[in-house]
Amino acid sequence: MRELPARRLEASPLPDFCRLPAVFAWFVVGALTVTVMWLAPGQTRGWSGYSVAVLFVSWLALVIAVVLCKSRPWLQRLPGRWPYLGAWLLIMLIVVAASAAVHWLDASLQMPFITASMGAFVRDNAVITALLGAAMLRYFYVLAQWQARLAAVTRAQVGALQARIRPHFLFNSMNTVAALIRVDPAAAERTVEDLCELFRAALGQHDTDNGTLGEELALIERYLAIEQWRLAERLRVVRELDDLPADFPLPRLLLQPLVENAVRHGIQPLRAGGEVVLRGAREGEGVMVEIVNPLPTTPPEPGNGHGLDSVRQRIAYHYGPRARFEAGPRGDQFVVTLHLPGPAA
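Predicted model, so just to flag it, every value in this text is computed and none were measured. (Residues numbered from 1 in each chain as written. Predicted model: local features only at pLDDT ≥ 70, side-chain atom pairs only at ≥ 80, totals over all residues. Heavy atoms only, no water.)

Break down the layout of surface pockets for me, with residues and values.
Size it by volume and the second largest pocket reaches roughly 400 Å³. Forming the boundary of the second largest pocket are 14 residues, of which Pro15, Asp16, Arg19, Leu143 and Gln147 lie nearest the centre. When residues of the lining of the second largest pocket are traced back to their parent elements, those giving at least two are α2 (20-39) and α5 (118-163). Sorting elements by how many residues they give to the lining of the second largest pocket places α5 first, with 6 residues. (1 Å grid on protein atoms, 1.4 Å probe; cavity = no way out; pocket = protein on both sides within 12 Å on 5 of 7 lines; lining within 4 Å. Points joined across faces, edges and corners; volume = space filled by probe spheres on them. Helix = DSSP H or I, 4+ residues; strand = E, 2+ residues; numbered from the N terminus.)

See the structure below:
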């Protein structure tokens, strides 16, 4: 059972050739190859030859991208690294057939662009494609392995976050429930329900790792309800979240640890308590979420930075470079701001 993750990494998953970055990579490599060959010493073809070559290579890149996109489900069924070998053979077949067809068309129309014989023209194109195709597929393979390892690391971090239930929070919550049982049994029951829902999320009792912004905000409300019973008037919460879309995709337990940090490091150390501000707004297809808490006069407890780093890494993994995460003091407040882009089209 311990070897299963390693085997999954060796499965060599093919990239999604239908996505724009993969298609763009074929076009760029093809255009760069033609440009380098055109700039080589001794090259006598002018702009017309260069333009036709770029057109031919661009057409080839498009055909290769479409064929690999459509054949990916079939290639994925092959064992080990055979999907990449199969993709390489398809690329070679396309280039050889296209080169032969273009040479025949050039000769039939008596165009002066191809001076070499058909055998030499097809051979040279096949050799160039064999080298470049292998290099491109090796790049895609390394990229896929890196993404698989990054996903595994991220899942491990999420698992550690889910398994890390702070003992002090559990004990305080149990003490709160015990105190409420005699004076307000209904409130004690609600607190137990809120605590159960928090543990359900923290222990990963869901079918997927992703949820919605509405579910995460509901989880935050359950957490704040528990802390409200414990801290009473010391905890004041300002909510400015009406403009947020409830169905926005969001990894589970992304915002709740930030709110917990705000209460633990911003409110709990202050004798008079303080105010936690939860603010959110739409940003085009994405959202902005801001969490503000007062800065305590005493040095913060250790562990806050690790939690922020974990959230920062999860945001980078799930949303990519378009997302932004900012955290730091502003005057006498500590502000955490998340700019999360909408799902890619």
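Describe unusual backbone geometry, naming the residues involved and giving the relevant values.
Residues apart from glycine generally show negative phi values, whereas peptide bonds are mostly found in trans. Residue Ala232 is not a glycine yet carries a positive backbone phi of 55°. Its location among the elements puts Ala232 in the loop between α8 (213-231) and β2 (235-240). Overall, Ala232 belongs to the partly exposed group, its relative accessible area being 33%. (Buried < 20%, exposed > 50% of the residue type's maximum accessible area, 1.4 Å probe, protein only.)

Can you explain the sheet that holds strand β6 (residues 324-330)? Please cite residues and give values.
Hydrogen bonds between backbone groups are what pair the strands of a sheet, and the pairing can be parallel or antiparallel. Strand order in the open sheet made by the 5 strands is β2-β4-β5-β7-β6, with mixed pairing throughout. Taken across any chain shown, the strands that pair with only one partner, and hence form the sheet edges, are β2 and β6. Strand-to-strand twist in this sheet, taken as the mean axis angle between neighbours without regard to direction, amounts to 10°. Where β2 meets strand β4 (residues 274-283), 6 bridges bridge the pair, whose relative direction is parallel. The partner of Arg236 across the bridge, within β4, is Glu275. (Pairing = 2+ DSSP bridges. Axes fitted to C-alpha atoms, helices over the stretch in contact; angles between N-to-C directions.)

For a nonpolar patch on the surface, give the residues involved together with the corresponding values.
Side chains of Leu20, Phe24, Val28 and Leu32 sit close together on the surface and give an oily, nonpolar patch of about 420 Å² of accessible area. With respect to the secondary-structure elements, Leu20 resides in helix α2. Since its relative accessible area comes to 66%, Leu20 is described here as exposed. (Patch = residues over 30% accessible without salt bridge, like charges linked within 9 Å, V, L, I, M, F, W, Y side chains within 5 Å. Areas by Shrake-Rupley, 256 points an atom, 1.4 Å probe, with all protein chains shown as cover. Salt bridge = Lys/Arg side-chain N within 4 Å of Asp/Glu carboxyl O.)

Could you give an account of the environment of Ala272, naming the residues involved and the relevant values?
Within the fold, Ala272 resides in the loop between α9 (256-267) and β4. With relative accessibility at 60%, the residue Ala272 sits in the exposed group. The residues contacting Ala272, other than those within four sequence positions of it, are Arg234 and Arg236. (Contact = heavy atoms within 4.5 Å.)

Help me get a handle on the nonpolar core, residues and values and all.
Residues Leu224, Leu258, Leu278, Ile315, Leu338 and Leu340 are the most contacted members of the largest nonpolar core, which totals 33 residues. For this core, the secondary-structure elements that each account for two or more residues are α8, β2, α9, β4, β5 (286-294), α10 (304-319) and β7 (333-340). (Core = buried A, V, L, I, M, F, W, Y, C linked by side-chain atoms within 4.5 Å.)

Give a detailed account of the state of the cysteines, specifying residues and quantitative values.
Taken as a whole, this structure holds 1 disulfide when the rule is applied. Put simply, Cys18 and Cys69 are joined by a disulfide, and their sulfur atoms are 1.6 Å apart. Here Cys18 and Cys69 share a disulfide; its torsion about the S-S bond, 90°, makes the bridge right-handed. Of this pair, Cys18 sits in the loop between α1 (4-9) and α2 while Cys69 sits in helix α3 (residues 47-75), and the two are 51 residues apart along the sequence. For Cys18, a relative accessible area of 41% translates into the label partly exposed. (Disulfide = S-S within 2.5 Å.)

Talk me through α9; I want residue IDs and the actual numbers.
With 12 residues, α9 should cover 16 Å at 1.5 Å per step; its first-to-last C-alpha distance of 15 Å lies within 8% of that length. Of all the positions in α9, only Gln256, Pro257, Leu258, Val259, Glu260, Asn261, Ala262, Val263, Arg264, His265, Gly266 and Ile267 are classed as buried. (Expected span 1.5 Å × (residues − 1).)

An account of the pattern of salt bridges is requested, with residue identities and associated values reported.
Counted by the stated rule, this structure contains 10 salt bridges. Residues Asp124 and Arg123 are paired through a salt bridge, measuring 3.1 Å at the closest nitrogen-oxygen approach. Exposure remark for Asp124: the relative accessible area of 36% places this residue in the partly exposed category. Judged by its relative accessible area of 51%, Arg123 falls in the exposed class. One network of salt bridges, in which partners are shared, links Glu240, Arg279, Glu290 and Arg330.

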